[in-house]
Amino acid sequence: MGAIDIIKSMHVRDLIVEGKREDGRGLMDFRKIKVETNLFENAEGSAMVDLGGTRVLAGIKMDVETPMKDTKDMGNFMVASELLPLAYSEYEAGPPNPESIELARVTDRGIRAGECINLKKLFIEEGKVWSVFADIYVLNYDGNLFDASALAVMSALSTTKVPKYEDGKVVREDRSASLKLDNFTVSTTFAKINGRIAIDPTGNEEGALSSRLTISNDGKVVRAVQKGISGGWKEDEVYDAIGASLEKYKELRSHIPKVR
Amino acid sequence: MGSSADKPKLIINGKRVDGRGFSEMRPMKIEAGVLKNADGSAYLEQGKNRILAAVFGPKEATPRHMAKADRAIIKCRYAMAPFSSLSEHGRSGPNRRAVEIAKVIREVFENVVILEDFPGSQIDISIEVLQGDGGTRAAGITAAAVALANAGIPMKDIVYGISTGRIDEHIILDLDMIEDNFSDADIPVAVSPRNNEILLLQMDGGMTKEQFKEAIGMVMESGKTISKIQRDALLEVYRKEEKRHEKNKKQ
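The shown structure was predicted, so the numbers you read here are calculated from the model rather than taken from an experiment.

## Some words on the overall build of chain A
Right, so step 1: Helices and strands together make up the secondary structure of chain A, namely five helices and 14 strands.
Right, so step 2: At 19 Å, chain A has a C-alpha radius of gyration in line with the 18 Å of a compact globule built from 260 residues.
Right, so step 3: The principal-axis extent of the C-alpha atoms belonging to chain A is close to 65 × 35 × 30 Å.
Right, so step 4: Evaluated residue by residue, chain A yields a buried proportion of 53% over its 260 residues.
Right, so step 5: For chain A, restricting intrachain contacts to residue pairs at least 6 apart in sequence, the fraction spanning at least 24 positions comes to 70%.
Right, so step 6: Counting every atom, chain A has about 11,800 Å² of accessible surface; 52% of that belongs to carbon and sulfur.
Right, so step 7: Each charge class in chain A was averaged separately, 36 positive and 41 negative side chains, and the resulting centres sit 4 Å apart.

## Section: the sheet that holds strand β11 (residues 186–193) of chain A
Residues and elements named next belong to chain A.
Right, so step 1: Judged by pairing direction, the sheet is antiparallel, and its four strands sit side by side in the order β12-β11-β13-β14 without closing on themselves. With partners counted over all chains shown, the strands left at the sheet margins are β12 (196–199) and β14 (222–228), one partner each. If you compare each strand with its neighbour and ignore which way they point, the axes differ by 20 degrees on average.
Right, so step 2: This element, helix α2 (residues 98–113), spans β13 (211–217) and β14 of the sheet and lies at about 160 degrees to β14.

## Remarks on the side chain of A:Arg172
Right, so step 1: If you trace the backbone, A:Arg172 turns up in the loop between β9 (169–171) and β10 (177–178).
Right, so step 2: There is a polar contact of 2.7 Å between the side chain of A:Arg172 and the backbone oxygen of A:Met62.
Right, so step 3: In this view, A:Arg172 contacts A:Glu44, A:Lys61, A:Met62, A:Asp63, A:Pro163, B:Leu86, B:Ser87 and B:Glu88; residues no more than four positions away in its chain are not counted.

## Some words on the pairing of strand β2 (residues 45–51) of chain A
All names here are of chain A.
Right, so step 1: Counted residue by residue, β2 has seven buried out of seven residues, so it is predominantly covered.
Right, so step 2: Burial along β2 is two-sided: the residues Gly 45, Ala 47, Val 49 and Leu 51 and Ser 46, Met 48 and Asp 50 are all buried.
Right, so step 3: Pairing of strand β1 (residues 33–37) with β2 involves five bridges; the strand directions are antiparallel. Along β2, the bridge assignment pairs Ile 33 with Leu 51.

## Observations regarding unusual backbone geometry
Right, so step 1: At the junction of B:Gly57 and B:Pro58, the peptide bond is cis and its omega measures out at 0 degrees in the coordinates.
Right, so step 2: You can see B:Pro58 is positioned in strand β5 (residues 49–60).
Right, so step 3: Of note, the bond from B:Thr62 into B:Pro63 is cis; its omega dihedral lies within 30 degrees of zero at -10 degrees.
Right, so step 4: As for its placement among the helices and strands, B:Pro63 is situated in the loop between β5 and β6 (73–80).
Right, so step 5: Here the phi dihedral of A:Glu115 falls at roughly 50 degrees; this positive angle occurs in a residue that is not glycine.
Right, so step 6: Checked against the element boundaries, A:Glu115 lands in the loop between α2 and β5 (123–125).
Right, so step 7: Looking at A:Glu115, the relative accessible area reads 55%, which means it is exposed.
Right, so step 8: Although it is not a glycine, A:Asn194 sits at a positive phi angle of roughly 50 degrees.

## Points about the environment of B:Leu175
Right, so step 1: Looking at the element boundaries, B:Leu175 is found in the loop between β9 (170–173) and α3 (177–182).
Right, so step 2: Sequence-distant contacts of B:Leu175, defined by excluding residues within four places in its chain, comprise B:Arg16, B:Arg26, B:Asp133, B:Gly134, B:Gly135, B:Ser163, B:Thr164, B:Gly165, B:Asp180, B:Ser183, B:Ala185 and B:Asp186.

## Details of the interface of chain A and chain B
Right, so step 1: Taken together, the contact between chain A and chain B spans 30 residues of the former and 30 residues of the latter.
Right, so step 2: Regarding the contact of chain A and chain B, the summed buried area is about 2,500 Å², with carbon and sulfur atoms giving 58% of it.
Right, so step 3: The largest share of the area that chain A buries against chain B comes from A:Asn42, A:Leu86 and A:Tyr137, three residues that together contribute 27% of it.
Right, so step 4: For the pair chain A and chain B, the interface holds two salt bridges.

The rules behind each value
- Residues numbered from 1 in each chain as written.
- Chains lettered and ligands numbered in written order.
- Predicted model: local features only at pLDDT ≥ 70, side-chain atom pairs only at ≥ 80, totals over all residues.
- Heavy atoms only, no water.
- Helix = DSSP H or I, 4+ residues; strand = E, 2+ residues; numbered from the N terminus.
- Rg over C-alpha atoms; globule rule 2.2 N^0.38 Å.
- Buried < 20%, exposed > 50% of the residue type's maximum accessible area, 1.4 Å probe, protein only.
- Contact = heavy atoms within 4.5 Å.
- Areas by Shrake-Rupley, 256 points an atom, 1.4 Å probe, with all protein chains shown as cover.
- Lys, Arg positive; Asp, Glu negative; His and termini not counted.
- Charge placed at Lys NZ, Arg CZ, Asp CG, Glu CD.
- Pairing = 2+ DSSP bridges.
- Axes fitted to C-alpha atoms, helices over the stretch in contact; angles between N-to-C directions.
- Polar contact = N/O pair within 3.5 Å; in protein donor to acceptor, adjacent residues only side chain to side chain.
- Buried area = accessible area lost by both parts, 1.4 Å probe.
- Salt bridge = Lys/Arg side-chain N within 4 Å of Asp/Glu carboxyl O.

See below:
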């Protein structure tokens, strides 16, 4: 962390004591969200999310594969993420680092635990199932990659078209059927900064936080949780965050396009 | 190149599969300054190609033993997104092909960037192919040149890239994926337009000397169009900035 980053994080810490944030938001306000879908015709589904200054792209590909040994009657869902070097001066090319793996796994868990994709319906025939690959491409980093990625992958999935499978071949030119989704989950991330709790942290706020709590829900129940960074959370703080997370469902869900 | 047995008909009634003439480029669009954190960036569309290029630096070279006392070093990355192709899901990150492409692209920019201005520094160039449909290394160069200029990095020239090749007896410009797969020759080229020096040249297939001349001639001709698109993209950044200032003044 350079000197300027330290100054910025001190500024953020000072502000939050008065209940203020660097961009003038309330503690429980999200930044402006923009979702664009169907960006690429080669991918089966795609979406780009702008969450304030954070920009995340999600691409979906579907392949026919042999099922996993322990789930022979089910398709597969796999999430990977890349913190691209062009997204942030601190990101370096190379094999996935722990941050990138955590991002992919937490995004995966929120969607999987919410049973959004009915994996049983991805079964084709004995020894043949669909695999759904979601790739998260971080294009610009300004904090809260978790919520931006969850929104990007959910949005990309909701616009995903399944290729035709005919005579043992995948016909990608014929993609008329939509991927059916049974449920929708959203992710909400809370930052603990100088003892106060704020939703949707910016890059500067992430530089200042002592702890992070990511909660995925489907509007009814909590589906996945991930606590990150070393600081701790009191019981009541967790309950408050769960309540706030569920309250945010409608707002976040409104950005995910409907399956057509 | 695909086997000749399943080669589809690529030239029909003197036109190419997508209706283009032999020396006709796919429509190209470039937007500069698309990413906030990068010092310079560009987004390029060329037919179905979708490419993002970004530049960071000059900054302190790391690791320190890589630093050169008398000039900057360039680091270049080229990678295809796992969702970039119409066929199956790809592996993430650069493979052997991508590492070679990144190397020859780096060598293009080592020619035009004034490296001596920044001893001990490094300039990072990232080229991410979000959707690939043939000719992505050439398109990546065209985009990266705009990103470098957008970053304010001093250069002798704004280079461009385009591919050329041959289908049967026809020399064609800007091969798309189908043409690339079944062509009789595929030649990505990068050129510095101020003196028409060729800075990247690769080929596989078969070409006579005369065919080669015709192909390179097509490249040089297309350079006029590409250079204009590159310059317009850079100018547009300042036009937008100007409009923003005027709007602020009025308020």
